[in-house]
Amino acid sequence: MKILNNLLVMTLLIFNTGIKADVTDAGKPIDIVVYRSPSCECCGKWLEHLKKNNFTVNDVVTDDVQAIKTKYGVSGSMASCHTAVVNGYVVEGHVPANDIMTLLKTKPKLAGIAVPGMPKGTPGMEMGDNKDSYKVMSFDKENHYEVFNSYQGTQ
């Protein structure tokens, strides 16, 4: 009986240690590098969205955002106004922070995720209650695309 009690106590200690590690990791800020044009106002609003959602943003202002997109394999059909890199993944456009978190937690074999264009109502593109329906797309290095998440608009 004493051995059984000791095993139970050890199991609970191990379990509790695991929970504490997960909570600590969940609270740790996530580093992200964002490349954007100096003239784009919505990019700054997206950066604020990231900061409010526990990201530490390295804001790189560049006059040649297209060179960054080319370097990281963002095709014209996935392009938006800014490109970010986080933990080896590319994040293109006004992707909600929760989708970036899902990407980082699930670690799929992808090059990245994107919100092509600049849909109204995406983080950084808020325009009152008007929201477009939009899709967050995943893409790989061979430019295969799939829907990663989708959002309903208000119109």
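This text follows the structure it describes.
A brief report on the enclosed structure follows. Just so it is clear, the structure is predicted and the values come from calculations on it, not from any experiment. (Residues numbered from 1 in each chain as written. Predicted model: local features only at pLDDT ≥ 70, side-chain atom pairs only at ≥ 80, totals over all residues. Heavy atoms only, no water.)

## Brief notes about the overall build of the chain
No. 1: Assigned secondary structure in the chain consists of four helices and seven strands.
No. 2: Within the chain, the fraction of its 155 residues that count as buried is 37%.
No. 3: Pairs at least 24 apart in sequence give 52% of the contacts found in the chain among residues at least 6 apart.
No. 4: In the structure as shown, the chain presents an accessible area of about 9400 Å², 56% of it carried by carbon and sulfur atoms. (Helix = DSSP H or I, 4+ residues; strand = E, 2+ residues; numbered from the N terminus. Buried < 20%, exposed > 50% of the residue type's maximum accessible area, 1.4 Å probe, protein only. Contact = heavy atoms within 4.5 Å. Areas by Shrake-Rupley, 256 points an atom, 1.4 Å probe, with all protein chains shown as cover.)

## Remarks on the environment of Phe55
No. 1: Mapping Phe55 onto the fold places it in strand β2 (residues 55–61).
No. 2: With a relative accessible area of 4%, Phe55 lands in the buried category.
No. 3: When the C-alpha atoms of Phe55 and Ile30 are compared, they prove to be 4.6 Å apart, with 25 residues separating the residues in sequence.
No. 4: When sequence neighbours within four positions are dropped, the list of residues in contact with Phe55 reads Ile30, Ile32, Leu50, Ala97, Ile100 and Met101.

## With respect to the side chain of Thr83
No. 1: Of note, Thr83 is situated in strand β3 (residues 83–86).
No. 2: Only 2.9 Å separates the side chain of Thr83 from the side chain of Lys69, close enough to count as a polar contact.
No. 3: Every residue in contact with Thr83, bar those within four places of it in the chain, is listed here: Val33, Val34, Tyr35, Val65, Ile68, Lys69, Val74, Val90, Val91 and Glu92. (Polar contact = N/O pair within 3.5 Å; in protein donor to acceptor, adjacent residues only side chain to side chain.)

## Side note on the nonpolar core
No. 1: Residues Ile32, Val34, Trp46, Leu50, Phe55, Val91 and Ile100 are the most contacted members of the largest nonpolar core, which totals 21 residues.
No. 2: Listed by contribution, the elements that provide at least two residues to this core are β1 (30–36), α2 (41–52), β2, β3, β4 (89–93), α4 (97–106), β5 (112–115) and β6 (134–139).
No. 3: If you tally residues by element for this core, the top one is α4, at four residues.
No. 4: When neighbours within four sequence positions are excluded, Leu50 is seen to be in contact with Ile32, Val34, Phe55, Val57, Ala97 and Ile100. (Core = buried A, V, L, I, M, F, W, Y, C linked by side-chain atoms within 4.5 Å.)

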